[in-house]
Amino acid sequence: MSIAGKAGTQTPSLANLNEGEKVIFAKIAWRILPLLSLAYIINFIDRNNAGFAGLTMIKDIGITQSEFGFGVGVLSAGYCLFEVPSNIALYKFGARVWLARIMITWGVISMAMMFAQGAFSFSALRFLLGAAEAGFFPGAAFYLTLWFPAEYRARIYAWFLISIPASTLVAGPTSSVLLELDQWLGLAGWKWLFLFEGLPAVIVGILFLIFLSDRPQDANWLVDEEKRIVANRIGAEKKEREKQDLWQTLKDPRVLVLALTQFTFLIGSYGVTIFLPLILKSQNFSNFTVGFLAAIPAFIACVAMIVWAGAVDRSGRKINNLIYTCLLSFVGMIVAGYAWGFIVPFLGLTAVLVGTSTARAILWTIPTRFLSGIGSAGGLAFINSVGTLGGFVGPYIMGWTRDATGSYSVGILAIGGFMFISMLLGLSLKLFIKQE
């Protein structure tokens, strides 16, 4: 069996779209995806650049690895608290204005990270950063459901979510260069890093107001016939046991299992992504070399996501492939935790990033098959808010175990256990979802 599995007879296929429709959706993709993807690259750079800043920042502001791990992870608490309210506001005010608001405020707070001094201010700013960016990803995911039918979504989400590994691909070399500006105009290199990497969020937020439309019906760059075709195609989509009510959505077992699945595999994703620069630094590489080495698994993850998501769209077997991605991540953790030397553990960590990155792209195609309206906006936000708590647990485990044992291997193996749980949760989805 191929990695994508066998196609089911009732699974939507791109073959259901005629050539004229494909041209229209390609036109929409070229208009929306580049800007959304750029925004998400910036989002993840601002969220994870503390990992690179930590190469010199930890010593400069006088915090331990545990305090660093806590401060990095507490962003998820702010994110979680404001996620659902933010997405409800997006549903009310429209995606264009609300996503722009999110980007501008998080850009300002990201730049303010340069003023961190000590554990408290570092953690407080990270919390505020999480609160500011709450709702961006589920808001963007909901926004994409308004423009693309189910047959496209695995690949559309993959092209959007490629921003996650791509952010490391960009941030690694960029952060290395910015750290070399140490003491230029009297500022530490990590301060220049936060300043220069936070500013683009403000700029792109303004571009959202100029170039995006809330719905196909509002797009002046689509002709009336194109608007009608898009609306009919999405309106005709069949949903399994559809949920539109917010509170019923939050109690749906499918939503709860998806939230827990994302929570467990994001423990591994954030634990590895945030601490990868420090893990590489422990091998006695220079800060400059660390940035470029960190880009290698990110590049491999980018390519793997697109190839794997394309296979999923062709087969339609989303749940099976979600299980495979979690299994790959679990195996990668075991290899990275137990193997000696540098090359084999590095390959293991690369497998983790491939698995967790692709898992995101696949998971987000599943709830859109049964959620709509405000139930979709709130449900996607709930899944992401619970899942994002993994962004606190993973880094904290890595930092605490590093201080306690002097090694990163114990932390890698510990979060590897959560990857195994994510695989089991993926299997349990088959109990609740019959039509993938």
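Residues numbered from 1 in each chain as written. Predicted model: local features only at pLDDT ≥ 70, side-chain atom pairs only at ≥ 80, totals over all residues. Heavy atoms only, no water.

**With respect to the packing of aromatic side chains**
The following threshold applies: Aromatic rings from Phe, Tyr and Trp, with only the six-membered ring used for Trp, were paired whenever their centres fell within 6.5 Å, and each pair was classed as stacked if the ring planes differed by under 30 degrees, edge-to-face if by over 60, and tilted otherwise. Where helices and strands are cited, they refer to DSSP runs of H or I of at least four residues and of E of at least two residues respectively, numbered from the N terminus. Per-residue accessibility, obtained with a 1.4 Å probe over protein chains only, is compared with the maximum for each type, and a residue is labelled buried under 20%, exposed over 50%, and partly exposed between these values. Whether a charge sits over a ring comes down to the Lys NZ or Arg CZ being within 6 Å of the ring centre and within 35 degrees of the ring normal.
According to the stated counting rule, one finds 21 aromatic pairs in the structure shown. Here Trp-106 and Phe-136 contribute two aromatic rings whose centre-to-centre distance is 5.3 Å and whose plane-to-plane angle is 80 degrees, an arrangement assigned as edge-to-face. Taken together, the residues Trp-106 in helix α5 (residues 95-112) and Phe-136 in helix α7 (residues 136-145) connect sequence positions 30 residues apart. Of the two residues examined, Trp-106 and Phe-136, each falls in the buried class. One aromatic cluster is present, formed by Tyr-40, Phe-44, Trp-106, Phe-136, Phe-137 and Tyr-270 through successive ring pairs. Sitting above the plane of the Trp-98 ring, Arg-101 keeps its charged end 4.5 Å from the centroid. Positioned above the aromatic ring of Tyr-408, the side-chain terminus of Arg-402 is 4.9 Å from the ring centre.

**Observations regarding the nonpolar core**
Let me state the cut-off plainly: Residues grouped as a nonpolar core are buried Ala, Val, Leu, Ile, Met, Phe, Trp, Tyr and Cys residues, joined through side-chain atoms within 4.5 Å. Should any heavy atoms of two residues lie within 4.5 Å, those residues are considered in contact.
With 135 residues, the main nonpolar core has Ile-28, Phe-136, Phe-160, Leu-161 and Phe-208 as its most contacted residues. Here this core gets 16 residues from one element, more than from any other, and that element is helix α13 (residues 253-281). Non-local contacts of Ile-28, meaning those with residues more than four positions away in its chain, are made with Trp-147, Phe-148, Trp-221, Leu-222 and Val-230.

**Remarks on the packing of helix α2 (residues 50-61) against helix α9 (residues 163-179)**
Selection criterion: Axis definition: a line fitted to C-alpha atoms, limited for helices to the stretch in contact. Angles are taken between N-to-C directions and run from 0 to 180 degrees. For this classification, under 35 degrees means roughly parallel, over 145 means roughly antiparallel, 65 to 115 means roughly perpendicular, and everything else is oblique. Helix crossings are classified by the rotation of the near helix relative to the far one: an anticlockwise turn of less than a right angle makes the crossing left-handed, while a clockwise turn makes it right-handed.
It is at 9 Å that the axes of α2 and α9 come closest, and there the two elements cross at 25 degrees. Classified by the angle between their axes, α2 and α9 sit roughly parallel to one another. In terms of crossing hand, the pair formed by α2 and α9 is right-handed. Facing Phe-52, Leu-55 and Thr-56 of α2, the residues of α9 in contact are Ala-171, Gly-172, Ser-175 and Leu-179.

These results come straight from atomic positions and should not be treated as a statement about function.
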